[in-house]
Amino acid sequence: MSADLALRLGRGCEALGLRLSDLQNQQLLGYMELLQKWNRVYNLTSVKDPEQMLTQHVLDCLAVVRPLQEKLPQAKRILDVGAGGGLPSVILAIVCPQWRVLAVDAVAKKTAFIQSSSHALGLSNLQARHTRVESLDQTFDVVCSRAYASLTDFVRSTRGCVASDGWWMAMKGQVPQEEIQTLPSDIEVEPVQLLTVPDLDAQRCLVWMRPKKT
């Protein structure tokens, strides 16, 4: 990766209020290299330009780190549903080594890439599993998704994965007001949290949800 990309990554992290170690910066850049390499064969993402990849993927996922840390400082177990090329699972595992992150996807080549990246980058806190999320028999503090499905489909397919005091975190572009209005009545929704991604001229937001207390 070029020095310019490393500089842009550093500026982006500063804008997001993230202080990363040299190792973490190297891991993020290394992840981008792996994603580009695998993408030539497996088509993991339509974004191929390194600068766009930095902005649209890496910084986009880094933008959720502080909101997640601030909302759930005690969180330890994170599930990334429909993890694709490891966004945000790989990013979260790099930046927050105290979290145990499981990436799940129904496409084998995608989980193979994430598992290979975990090994190559030394991420002992990241695992990937090729399965349908409905088959999981464990619960998590946070169940997250990025461009995975409608909010209703997201919560219905992962309801059994949310711990009793856990949350869903959906990464979205524009505020999905219609999706929020059609959620099941037993789902509590927090006010939508707007995000600013460095160098990205597009809307981004987080939708926080949890089962209503009975």
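As the structure is a computational prediction, the values presented were derived from the model and not from experiment.

## Some details on the state of the cysteines
Enumeration over the complete set of coordinates arrives at zero disulfides. Cysteine C96 remains unbridged, with the sulfur of C13 as its closest cysteine sulfur at 11 Å. Of the residues examined, C96 reaches a relative accessible area of 0% and is grouped as buried. The structure places no disulfide on C144, whose sulfur is separated from the nearest cysteine sulfur, that of C61, by 8.7 Å.

## With respect to the pattern of salt bridges
Per the stated rule, a full pass over the model turns up 11 salt bridges. In this structure, the salt-bridge partner of E70 is R66, at a minimum N-O distance of 3.1 Å. In this pair, E70 and R66 both sit in helix α4 (residues 65-71), four residues apart, roughly one turn of the helix. What makes E70 exposed here is its relative accessible area of 54%. Where salt bridges share partners, they join R8, E51 and D199 into one cluster.

## Considerations on the packing of helix α2 (residues 22-42) against helix α6 (residues 108-121)
It is at 10 Å that the axes of α2 and α6 come closest, and there the two elements cross at 145°. Where α2 crosses over α6, the two elements pack in a sense that is right-handed. Contacts from Q27, G30, Y31, L34, L35, W38 and Y42 in α2 reach K109, A112, F113, S116, S117, A120 and L121 in α6. Of the residues belonging to the contact of α2 with α6, the class tally is nine nonpolar, four polar and one charged.

## What about helix α3 (residues 50-62)?
Taken together, the buried positions of α3 are M53, L54, T55, H57, V58, L59, D60, C61 and L62. Where α3 begins, one side-chain oxygen reaches toward the backbone nitrogen of E51, 3.1 Å away; that side chain belongs to D49.

## Considerations on α2
Taking 1.5 Å per residue, 21 residues should reach 30 Å; α2 reaches 30 Å between its end C-alpha atoms and fits that length. Along α2, the residues classified as buried are Q24, Q27, L28, L29, G30, Y31, M32, L34, L35, Q36, W38 and N39. Here the buried face of α2 lies against α1 (3-15), α3, α5 (89-95) and α6. Within two residues after α2, N43 carries a phi angle of roughly 55°, on the positive side.

## A few points about the side chain of Q27
Following the sequence through the fold, Q27 ends up in helix α2. Contacts of Q27, omitting those with residues within four sequence positions, involve I94, L121 and L123.

## Section: the side chain of H57
Positionally, H57 belongs in helix α3. For H57, a relative accessible area of 9% gives the class buried. Side-chain polar atoms of H57 contact the side chain of R146, separated by 3.4 Å. Not counting chain neighbours up to four residues away, the residues in contact with H57 comprise L35, T45, V47, Q52, L87 and R146.

What counts and how
Residues numbered from 1 in each chain as written. Predicted model: local features only at pLDDT ≥ 70, side-chain atom pairs only at ≥ 80, totals over all residues. Heavy atoms only, no water. Disulfide = S-S within 2.5 Å. Buried < 20%, exposed > 50% of the residue type's maximum accessible area, 1.4 Å probe, protein only. Salt bridge = Lys/Arg side-chain N within 4 Å of Asp/Glu carboxyl O. Helix = DSSP H or I, 4+ residues; strand = E, 2+ residues; numbered from the N terminus. Axes fitted to C-alpha atoms, helices over the stretch in contact; angles between N-to-C directions. Left-handed = near helix turned anticlockwise from the far one by under 90°. Contact = heavy atoms within 4.5 Å. Nonpolar A, V, L, I, M, F, W, Y, C, P; charged D, E, K, R; others polar. Polar contact = N/O pair within 3.5 Å; in protein donor to acceptor, adjacent residues only side chain to side chain. Expected span 1.5 Å × (residues − 1).

Nothing here speaks to function; it is geometry throughout.
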